[in-house]
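Structural description and commentary
For reference, the chains in residue letters:
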Amino acid sequence: MLSLVILGVLVSVVHAKFYPTYPNIETCVGLPVQYSCENTTVVTDSCCNVVRGGLVLQAQYWNTYTGLELQAQLYPKNSWSIHGLVPLNCDGTSVGQYCDPGRQYDPKPLPSTLPNGTVINPYKGPSVRKFIQEFGRSDLLHYMDTFWINQGAPNEDLWAHEYSIHATCTSAFDVACYDPGYKKHQEVVNFFETSVKVYQMYPTYDILAASGIVPSNTTTYTRAQITNAIYSQTGADPWLGCNNGTVWNQIRYFHHVLGTEQFGHFKPLDSIVSSTCAETGLWYYERTPTSEKAVSD
């Protein structure tokens, strides 16, 4: 019986299909090269430049437990976790949420009703995990299960939420940008790839630790200590988010993008949104030891 199981696995690997996930940028050749939100000429192709959502944030979380430890859903030790890639208007205001109901894969939409009264219905179809598997991207799936960790619900619920609420509001991930030859869910997997790529630009834990800032249940830090450490390596001040003003658990890096989000250059910018953290007495708490695991990139 064991030999049959092994044979089945081998057959599935042999027949796995690997589809390209990148967009079609042939029409971008020869067009003006410019950063989003800094263009001096009218952008004519939203698949070649980030037009909608030109201020792009890379968001990371530091939580101390997952709530699903018994299911082996654990945070990566000595690493912040991915939260997502967030588009904003150039002035820092919201670009919208759940912009394409036809590409809504979030099983628990939040918000469930948009400001204009539109109701976002829960998605009940196959998980986005299956989308990734259908493209033969076991490598991407493994990385996401290691570094893109949800709290209180399965990881794929967070992935689906981030895609549905944000990627559908970003011009670079419009389905039209993948024609001709678009394969359903191609842009979903591509969004996940891009989110991982930008996350890897910022080893937050290591930058802070190298500056003497490590998780502690006995020592607090100032906001300036944290932002100065990050600035020294990125050249830009990040946004810090805190619970109750003093429990630090979020960081967001701001960018303008040259070209597409998938391939272009992300230029670090100072945050233009006010921090929710106090200036002093910030707690960067240690994680529960049973809530994290040693990992390798």
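Residues numbered from 1 in each chain as written. Predicted model: local features only at pLDDT ≥ 70, side-chain atom pairs only at ≥ 80, totals over all residues. Heavy atoms only, no water.

Things to note about unusual backbone geometry
What counts here: The helix count covers DSSP runs of H or I at least four residues long, the strand count covers runs of E at least two residues long, and both are numbered beginning at the N terminus.
Each neighbour pair has its own omega, and for leucine 110 with proline 111 the value is 5°, a cis peptide bond. Inspection of the secondary structure assignment puts proline 111 in the loop between β3 (81-88) and α2 (128-134). In this structure, the amide linkage connecting aspartate 179 to the following residue, proline 180, adopts the cis form with an omega of -5°. With respect to the secondary-structure elements, proline 180 resides in the loop between α4 (155-166) and α5 (186-199). For alanine 72, which is not glycine, the phi dihedral falls at a positive 65°. If you trace the backbone, alanine 72 turns up in the loop between β1 (55-61) and β2 (75-76).

A look at helix α7 (residues 223-234)
In an α-helix, one full turn covers 3.6 residues, which means residues spaced three or four apart are oriented alike. Rules: The span you would expect from a helix comes to 1.5 Å times its residue count less one. Partly exposed describes any residue whose relative accessible area lies between the buried limit of under 20% and the exposed limit of over 50%, with all areas from a 1.4 Å probe on protein chains only and scaled to the type maximum. Note that the arc is computed from the directions linking the helix axis to the C-beta atoms. Should any heavy atoms of two residues lie within 4.5 Å, those residues are considered in contact.
Compared with the 16 Å implied by 1.5 Å per residue over 12 residues, the 16 Å span of α7 between its first and last C-alpha is a close match. Residues of α7 that are buried: Ile226, Thr227, Ala229, Ile230 and Thr234. Looking straight down α7, one finds that the buried residues subtend no more than 155° of arc, so they occupy a single side. If you follow the buried residues of α7, they end up packed against α6 (204-210), β4 (220-221), β5 (239-243), β6 (247-258), β7 (265-269) and β8 (282-283). Where α7 ends, the next residue or the one after it, glycine 235, has phi of about 80°, a positive value.

Re the state of the cysteines
Cysteine pairs can be linked by a disulfide, which is a covalent bond between their two sulfur atoms. The condition is simple: By definition, disulfides here are pairs of cysteine sulfur atoms that lie within 2.5 Å.
One pass over the full model with this rule turns up 5 disulfides. What pairs with cysteine 37 in a disulfide is cysteine 90, and their sulfur atoms sit 2.0 Å apart. The chirality of the disulfide connecting cysteine 37 with cysteine 90 is left-handed, given an S-S dihedral of about -85°. One end of the pair, cysteine 37, is in the loop between α1 (2-14) and β1; the other, cysteine 90, is in the loop between β3 and α2, and 53 residues separate them in sequence. Cysteine 37 gets classed as partly exposed once you look at its relative accessible area, which sits at 26%. Disulfide connectivity for the protein, with bonded cysteines indexed by sequence position, reads 1-4, 2-5, 3-8, 6-7, 9-10.

Looking at the confidence of the model for the protein
Let me state the cut-off plainly: Along the chain, pLDDT gives the predictor's confidence residue by residue, from 0 to 100.
Scored by pLDDT, the protein comes out at a mean of 92, with 93% of its residues at no less than 70. Of the regions scoring below 50 in pLDDT, residues 1-16 engages in 0 contacts with residues more than four places distant in sequence or in other chains.

Remarks on the packing of α4 against α5
Formally: Lines are fitted to the C-alpha atoms to define the axes, a helix being fitted only along its stretch in contact, and any angle between axes, read from their N-to-C directions, falls within 0 to 180 degrees. Small angles under 35 degrees read as roughly parallel and large ones over 145 as roughly antiparallel, with 65 to 115 read as roughly perpendicular and the rest as oblique. Side-chain classes are defined by residue name, with Ala, Val, Leu, Ile, Met, Phe, Trp, Tyr, Cys and Pro counting as nonpolar, Asp, Glu, Lys and Arg as charged, and the others, Gly among them, as polar.
Two elements in contact, α4 and α5, have axes separated by 11 Å at closest approach and are oriented at 105°. Comparing the axis directions of α4 and α5 gives the class roughly perpendicular. Two secondary-structure elements touch here, α4 through Trp159, Glu162 and Tyr163 and α5 through Glu187, Val188, Phe191 and Phe192. Grouping the amino acids of the contact of α4 with α5 by side-chain chemistry returns 5 nonpolar, no polar and 2 charged.

Considerations on the environment of proline 111
Exposure remark for proline 111: the relative accessible area of 24% places this residue in the partly exposed category. Residues proline 111 and tyrosine 98, spaced 13 residues apart in sequence, show a C-alpha to C-alpha distance of 9.2 Å. If near-sequence neighbours (up to four positions away) are discounted, proline 111 is found in contact with Gln97, Tyr98, Ile120 and Ile165.

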